[in-house]
Amino acid sequence: MNTTQFIPKSALKSIEKATFTWQTPSNIALVKYWGKSNPQIPKNASISFTLNNCHTITTIEFEKKKASENVDFNLFFEGKQKDEFKPKIAEFFKRVANYCPYIFEYKMTINSENSFPHSSGIASSASGLSAIAMCLMSLENELSSGLSSEFINKKASFLARLGSGSASRSVEGPLVVWGNHPEIEGSSDLFGVKFPHKVHPVFENYQDAILLVDKGEKQVSSTVGHNLMTNHPYAENRFVQANNHLGKLSKILQNGDVKSFVNLVESEALTLHAMMMTSNPYFILMKPNTLEIINKIWSYRKENDSNICFTLDAGANVHVLYPFSEKEAVNQFIKSELSNYCQKKQYIYDSAGFGAKQL
Ligand code: DP6
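Let me begin by describing the structure that accompanies this report.

Parameters and conventions
Residues numbered from 1 in each chain as written. Predicted model: local features only at pLDDT ≥ 70, side-chain atom pairs only at ≥ 80, totals over all residues. Heavy atoms only, no water. Near = heavy atom within 4 Å. Polar contact = N/O pair within 3.5 Å; in protein donor to acceptor, adjacent residues only side chain to side chain. Areas by Shrake-Rupley, 256 points an atom, 1.4 Å probe, with all protein chains shown as cover. Helix = DSSP H or I, 4+ residues; strand = E, 2+ residues; numbered from the N terminus. Nonpolar A, V, L, I, M, F, W, Y, C, P; charged D, E, K, R; others polar. Domains from an automatic or database assignment. Core = buried A, V, L, I, M, F, W, Y, C linked by side-chain atoms within 4.5 Å. Buried < 20%, exposed > 50% of the residue type's maximum accessible area, 1.4 Å probe, protein only. Pairing = 2+ DSSP bridges. Axes fitted to C-alpha atoms, helices over the stretch in contact; angles between N-to-C directions. Contact = heavy atoms within 4.5 Å.

### Re the site of the ligand
Lining the immediate environment of the ligand, one finds 16 residues, of which Y33, S164, G165, S166 and R169 sit closest. Separating an oxygen atom of the ligand from a side-chain N or O atom of K36 is a distance of 2.8 Å. A total of 460 Å² of accessible area belongs to the ligand in isolation, and the protein chains cover 94% of it. No other element matches the three residues that helix α4 (residues 222–227) contributes to the shell around the ligand. Each residue belonging to the shell around the ligand can be placed in one class, and the counts come to five nonpolar, seven polar and four charged. The residues that make up the shell around the ligand include at least three from each of domain 1 (4–197) and domain 2 (202–351).

In structure tokens form, the structure reads like this:
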């Protein structure tokens, strides 16, 4: 695999000080990534909607210093120094060091905040790591002479992936594929690419309401979950199924067959959780209210001839997906009925968005 393209070749300029701020989105997978090998290579291709409202805003101040062996950085989250978040970011810097050798020559001060409540069960690693990756690429762009925006996005996704797989899908939008797939031209295990085909209008501005069912810390981290796919009795079939699903979904997104979309997306969500329940050790991340909501969605769909459906992350929260044309009716249903199953009645209306923005 060609990773040398991501190692800076030309001599870099010298810059004393620079500050960059990026807003990068969270994403919700339709075909799930669950299972990986080293270094952060997915066992199957996945596709997600980039979100519009759920995002991280990160500023990094770079100050030139004598090059050292360690990466020197301070981390502030919502204005407060957060040393407990440092090990994950330190590990990220270690993984990208080869591709961003300039990080050893700067003291970095990182300030980060999320648009969604902290520990809401919404994973912040995708938006958080893609934001840092974009800031690094802004510095690299200044240090090098004129990188193309295409290369900047590609390498940012490549770097973000090394921090967290799903972060590779948080640079562009509204639909991003990560993982090599024969039917998606340009797709790669190394970085995310924009879905290359014209999408049917029914899937434009698709709505995603995130129902906050359980805001507690996850009992099992994604990394542990991914590793449990090694020696999992159903893993190989699952990886084949996911790639088949992506091929089918690619056609559905182009021809506008919403009924098949609903079927495929819900099957993906339940299969993800079935993999968790059938690993060893086994675990369950859904809560009773997750199931209550799923059943309510199914009843609503039947009674109203609606195209509402759900998907799940590695947690208890439910993402409710629906076409823009149903926005008014479904938002009302969420407010009056589904919110009763959310912690403190909390939910977030979101929709498909267009990716990272420099502020
Ligand atoms: C269930 O990207 O969080 O959300 O690469 O270990 O950081 P790491 O895992 P992560 O896994 C996300 C899993 C998922 C499905 C998905 O987003 O595709």
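Next comes the rest of the account.
### Considerations on the nonpolar core
I47, F93, L136 and F261 are the most contacted members of the largest nonpolar core, which totals 78 residues. At 10 residues, helix α2 (residues 125–143) tops the list of elements feeding residues into this core. No fewer than three residues from each of domain 1 (4–197) and domain 2 (202–351) sit in this core. Judged by nonpolar contacts, the second largest core, of 22 residues, contains A269, M286, I308 and C342.

### Topic: the sheet that holds strand β12 (residues 318–322)
Strand pairing within a sheet occurs via backbone hydrogen bonds; the two strands may be parallel or antiparallel. Overall, antiparallel pairing links the four strands, which are arranged β11-β12-β10-β13 in an open sheet. The open sheet is flanked by β11 (309–312) and β13 (347–351), the only strands paired with a single partner. Taken pair by pair, the neighbouring strands of this sheet meet at an average axis angle of 25 degrees, ignoring direction. Examined bridge by bridge, β11 and β12 share four bridges and lie antiparallel to one another. Residue pairing across strands places L312 opposite V318, the latter belonging to β12. Those strands touched by helix α7 (residues 288–304) are β10 (207–211), β11 and β12, and its axis lies near 155 degrees from that of β11.

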